[in-house]
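Residues per chain are reported as follows:
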Amino acid sequence: MKIIVCIKQVPSTNEVRLDPETNTIIRDGRQSVTNPFDTYAIEQAIQIKEKLGGEVLGLSMGIPATERLLRDAQSRGVDRTLLLSDRSFAGADTLATAYTLSLGVNEQESFDLILCGKMAVDGDTAQIGPELAENLGIPHVTDVSELIEVHNDKIICKKITDTGHQIIEVKLPALLTVVKDINMPRLPSIKGVLFGLDAPFEMKSAKDLNADTLRIGLSGSPTQVVKTYTPERASEAVVIEGDPATQANEIVEIIKGVI
Amino acid sequence: MAGLVINQEKCVGCGVCLKGCASKSLSIVNKKAVVSDDCVLCGICLDSCPFEALSIEKENSSTMDCSKYSDIWVFAEQHNGKVLPVAYELLGKGKELAKEKKCKLIAVLIGLDIEAEAKELIAHGADHVYVCDDINLESNMDERYVEVFDELINKHKPEILLLGATGFGRSLAPRIAARVGTGLTADCTVLEIDNETGLLKQTRPAFGGNLMATIICPNHRPQMATVRPGVMQIKEIDSLQEGKITSVPYEFSVDGSIKILEEVLASEVKSISDADIIVSVGRGIGAQKNMALAEKLAELIGGSVGVTRPLVDVGWSEYKNQIGQTGSAVAPKILITCGISGAIQHLAGISGAETIISINADSDAPIFSLSHYKIVGDCVEVLKKMISNFEDDKGKKMIV
């Protein structure tokens, strides 16, 4: 089975703090990480490959430094990676990003399955998966928490819904977005790390992909951020002092006032 | 060429923009800000500049004639023939926006045996309802719904299309947006019409709720947004309100790549997202045996127990109880946090709580910045006292 996993580089959110004066994000010099939800997609792709054979391609759009994360994915079992990187991709919203990724997918001879994380933790949009599937004209299933049966032509999976879950059969090729429940990502092996160092890695530009310049980056993005601001927080917390018994009494009174 | 533009006359080289830059692509050269190729055009620096010297310039690549688009559409999502509350919330907001824009408010209702719901939508403010009622539309399936929307949008050209940010809405909306080639803003919490341009200003939380971003879609139509359920107000029902109902045939031959084999509704086990009272626990609880204290307190006050991610990782609790960015977002009336310091990913999940009472040993813990009541101390001790306090209450009642 030929599987493509979409991978996004995101800021390591542990390090994101807001400067209260400038309302902007302060980051110390530490590195970006693989979007946590994508690590489950990577693991799932490798598990399917181990069972059914085939190949896993890691696909990303990002700055050249994303190579480090793609090599990390390779150290865990991804066979080869493709990074779509170009100045003209910058400023892409989800529509332009999904278009660009679809060009990367269409570069491949064929594919059976595309796996994405449920969403990226920096944008929280969860839109890339369905938009990419629409661009490719294939079905998609979001919020998949379990693959029950994987065949060469179809997958039976469990999808988390707002009211419970559904068991869904989907014909391949298809795109699935996965939630955290689906597996426990492995750590790279020593052999894997060595493989990752010089595993097949490719980088392609807008020109290499024959991209329509009106559909990529800022120009290809219908949406535009006009303002960012820090949400208003509750005013200073009321401090409850005293020994634990006194504090507990006060909390109990507050709780009783609400319930 | 599209990109970040630095106005050389306005820029004084103060360097404030450097601090906010997430890609570290700004620097000061000869007392002016300079942007490098690493810039990803995230736009965060724009508002940080005290001199308004920064802007992002882009050319309009759209070939759409926006003047041909009018009216506000709301997707009336239904499950098993019942329209979801979020659709009525959207009609409530949509009505306000339609008044400002002096346009019509239109609902789109898709499913099987749903026609009776159309009147309900009119009573909630819709001037017009498109109903597509067909056996093929019995279950919520993106691949069929997108065909219906594609045709309706091309034919009637709505200016704005709103969908609830439900699981299904967030799966369907991006498919529609990609099909018709327009912008989509996810999970909005504020919608306004810009006085000057008439554009829809869509505001949503970003970076896990630590930043609000206002987004517009100036040159593509419809302007699409999914809207978080529970945020907008339902308008009072007016059963005298008149409206038009138009039946739309389903004439597509989608072969059906997707089959729903089984639909399982969660039992009455309440999801933590719906809980009104939550006792949440973090690493500061100290030992696994102390988890029982949180459970006891939750039981006494009729609440649920939530946890931070590290507790799930060490196996002290289950994933379904995890609150935060990679777990559930919660919106209880009251949240009592015990030994939670407040990593940003966790805080992202609790911003909807009405009253937050936090107990933590570290008086500088970030959790206190979101809290309404702050208790600096050992949460285990306080929990024990609270439990005995509530148990005493119970005992008294029993004696009476």
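Every value quoted in this text rests on a predicted model; they were computed, and no experiment measured them.

### Some points on unusual backbone geometry
Part 1 of the reasoning: Of note, the amide linkage connecting Leu172 of chain A to Pro173 of chain A takes the cis form, showing an omega dihedral of 0°.
Part 2 of the reasoning: Within the element layout of this structure, Pro173 of chain A appears in the loop between strand 11 (164-171) and strand 12 (174-178).
Part 3 of the reasoning: Going from Arg221 of chain B to Pro222 of chain B, the amide bond is cis rather than trans, its omega being -10°.
Part 4 of the reasoning: For Asn80 of chain B, which is not a glycine, the phi torsion comes out positive at approximately 50°.
Part 5 of the reasoning: Here Asn80 of chain B lies in the loop between strand 6 (78-79) and strand 7 (82-83).
Part 6 of the reasoning: Overall, the relative accessible area of 77% leaves Asn80 of chain B in the exposed class.
Part 7 of the reasoning: Phi angles above zero are rare outside glycine, and Asp113 of chain B is one such case at about 55°.
Part 8 of the reasoning: Structurally, Asp113 of chain B can be placed in the loop between strand 8 (105-111) and helix 4 (117-123).
Part 9 of the reasoning: With relative accessibility at 66%, the residue Asp113 of chain B sits in the exposed group.

### Some thoughts on helix 3 (residues 94-106) of chain A
Part 1 of the reasoning: Counted at 1.5 Å a residue, the expected span for helix 3 of chain A with its 13 residues is 18 Å, and the 18 Å between its end C-alpha atoms agrees.
Part 2 of the reasoning: With 12 of 13 residues buried, helix 3 of chain A lies mostly within the body of the structure.
Part 3 of the reasoning: Among all positions of helix 3 of chain A, only Thr94, Leu95, Ala96, Thr97, Ala98, Tyr99, Thr100, Leu101, Ser102, Leu103, Gly104 and Val105 of chain A are buried.
Part 4 of the reasoning: If you follow the buried residues of helix 3 of chain A, they end up packed against strand 1 (2-6), strand 6 (55-61), strand 7 (80-84), strand 8 (113-117) and helix 4 (128-136) of chain A together with helix 6 (167-180) of chain B.
Part 5 of the reasoning: Capping of helix 3 of chain A at its N-terminal end is provided by Asp93 of chain A; its side-chain oxygen lies 3.1 Å from the backbone amide nitrogen of Leu95 of chain A.

### Looking at the sheet that holds strand 9 (residues 140-150) of chain A
Part 1 of the reasoning: Taken together, the 10 strands give an open sheet; going across it, the order is 13(A)-7(A)-6(A)-1(A)-8(A)-12(A)-9(A)-10(A)-11(A)-17(B), and neighbouring strands pair in mixed fashion. Only two strands of the sheet have a single neighbouring strand rather than two, namely strand 13 (201-204) of chain A together with strand 17 (258-265) of chain B. For this sheet, the mean inter-axis angle between neighbouring strands, taken without regard to orientation, is 30°.
Part 2 of the reasoning: When strand 8 of chain A meets strand 12 of chain A, the two strands line up parallel, connected through 5 bridges. Bridging from a neighbouring strand, Cys116 of chain A pairs with Thr177 of chain A of strand 12 of chain A.
Part 3 of the reasoning: Each of strand 1, strand 6, strand 7 and strand 8 of chain A touches helix 3 of chain A; the most contacted strand, strand 6 of chain A, lies at about 145° to it.

### Things to note about the nonpolar core
Part 1 of the reasoning: The biggest cluster of nonpolar side chains holds 34 residues, and the ones touching the most others in it are Ile251 and Ile255 of chain A.
Part 2 of the reasoning: Put simply, the parts of the chain that give this core at least two residues each are helix 6 (244-258) of chain A together with strand 18 (277-281), helix 7 (291-301), strand 19 (304-307), helix 8 (309-313), strand 20 (334-338), strand 21 (355-360) and helix 11 (379-399) of chain B.
Part 3 of the reasoning: Residues contacting Ile251 of chain A, with those up to four places away along its chain left out, are Ile240 of chain A together with Ile357, Ile359, Ile375, Val382 and Met386 of chain B.
Part 4 of the reasoning: Ranked by size, the runner-up nonpolar core spans 31 residues in total, among them Met1, Ala41 and Ile42 of chain A together with Met141 of chain B.

### Let's talk about the packing of helix 5 (residues 142-156) of chain B against helix 6 of chain B
All names here are of chain B.
Part 1 of the reasoning: Look at helix 5 against helix 6: their axes get within 9 Å of each other, and the N-to-C directions meet at 45°. Regarding the angle of helix 5 to helix 6, the classification is oblique. For the pair helix 5 and helix 6, the crossing hand works out as right-handed. Here Asp142, Tyr145, Val146, Glu147, Phe149, Asp150 and Ile153 of helix 5 come into contact with helix 6, specifically with Phe168, Ser171, Leu172, Arg175, Ile176, Arg179 and Val180.

### What to know about the confidence of the model for chain B
Part 1 of the reasoning: Of the residues in chain B, 96% reach a pLDDT of 70 or more, and the chain-wide mean stands at 90.
Part 2 of the reasoning: Overall fold confidence (pTM) sits at 0.83, and the ipTM for the predicted complex is 0.89.

### Description of the interface of chain B and chain A
Part 1 of the reasoning: On the side of chain A, 85 residues touch chain B, which itself brings 98 residues to the contact.
Part 2 of the reasoning: Note on chain B versus chain A: buried area summed over both sides is about 8,300 Å², and carbon and sulfur give 59% of it.
Part 3 of the reasoning: In this structure, the connection of chain B to chain A is made through 26 residue pairs in polar contact (both at pLDDT 80 or more).
Part 4 of the reasoning: Across the side of chain B that touches chain A, the residue classes tally to 44 nonpolar, 29 polar and 25 charged.
Part 5 of the reasoning: Here 5 bridges tie strand 14 (residues 224-229) of chain A to strand 14 (residues 211-216) of chain B, and the two strands are oriented antiparallel to one another.

### Details of the pattern of salt bridges
Part 1 of the reasoning: Under the counting rule described, the total for this entry stands at 28 salt bridges over all chains.
Part 2 of the reasoning: Residue Glu391 of chain B pairs with Lys296 of chain B through a salt bridge whose shortest N-O separation is 3.7 Å. One end of the pair, Glu391 of chain B, is in helix 11; the other, Lys296 of chain B, is in helix 7, and 95 residues separate them in sequence.
Part 3 of the reasoning: Residues participating in the shared-partner salt-bridge network are Glu134 of chain A together with Glu147, Asp150, Arg175 and Arg179 of chain B.

### Section: the packing of helix 2 (residues 67-75) of chain A against helix 5 (residues 190-197) of chain A
Residues and elements named next belong to chain A.
Part 1 of the reasoning: At their nearest, the axes of helix 2 and helix 5 sit 7 Å apart, and the two run at 140° to each other. It follows from the interaxial angle that helix 2 and helix 5 lie oblique. For helix 2 against helix 5, the interelement crossing comes out right-handed. Residue-level inspection shows Arg71, Gln74 and Ser75 of helix 2 in contact with helix 5, the latter providing Gly192, Val193, Phe195, Gly196 and Leu197.
Part 2 of the reasoning: Of the residues in the contact of helix 2 with helix 5, the class split is 3 nonpolar, 4 polar and 1 charged.

### A closer look at a nonpolar patch on the surface
Part 1 of the reasoning: A cluster of nonpolar side chains, Ile190, Val193, Leu194 and Leu197 of chain A, forms an exposed patch at the surface whose accessible area comes to about 440 Å².
Part 2 of the reasoning: Looking at the secondary structure, you find Leu197 of chain A in helix 5.

### What about the environment of Ala178 of chain B?
Part 1 of the reasoning: Note on placement: Ala178 of chain B falls in helix 6.
Part 2 of the reasoning: Residue class for Ala178 of chain B comes out buried when judged on its relative accessible area of 12%.
Part 3 of the reasoning: Setting aside anything within four residues of it in sequence, one finds Ala178 of chain B in contact with Leu95, Glu131 and Glu134 of chain A.

The rules behind each value
Residues numbered from 1 in each chain as written. Chains lettered and ligands numbered in written order. Predicted model: local features only at pLDDT ≥ 70, side-chain atom pairs only at ≥ 80, totals over all residues. Heavy atoms only, no water. Helix = DSSP H or I, 4+ residues; strand = E, 2+ residues; numbered from the N terminus. Buried < 20%, exposed > 50% of the residue type's maximum accessible area, 1.4 Å probe, protein only. Expected span 1.5 Å × (residues − 1). Contact = heavy atoms within 4.5 Å. Polar contact = N/O pair within 3.5 Å; in protein donor to acceptor, adjacent residues only side chain to side chain. Pairing = 2+ DSSP bridges. Axes fitted to C-alpha atoms, helices over the stretch in contact; angles between N-to-C directions. Core = buried A, V, L, I, M, F, W, Y, C linked by side-chain atoms within 4.5 Å. Parallel < 35°, antiparallel > 145°, perpendicular 65-115°, else oblique. Left-handed = near helix turned anticlockwise from the far one by under 90°. pLDDT = per-residue confidence, 0-100. Buried area = accessible area lost by both parts, 1.4 Å probe. Nonpolar A, V, L, I, M, F, W, Y, C, P; charged D, E, K, R; others polar. Salt bridge = Lys/Arg side-chain N within 4 Å of Asp/Glu carboxyl O. Patch = residues over 30% accessible without salt bridge, like charges linked within 9 Å, V, L, I, M, F, W, Y side chains within 5 Å. Areas by Shrake-Rupley, 256 points an atom, 1.4 Å probe, with all protein chains shown as cover.

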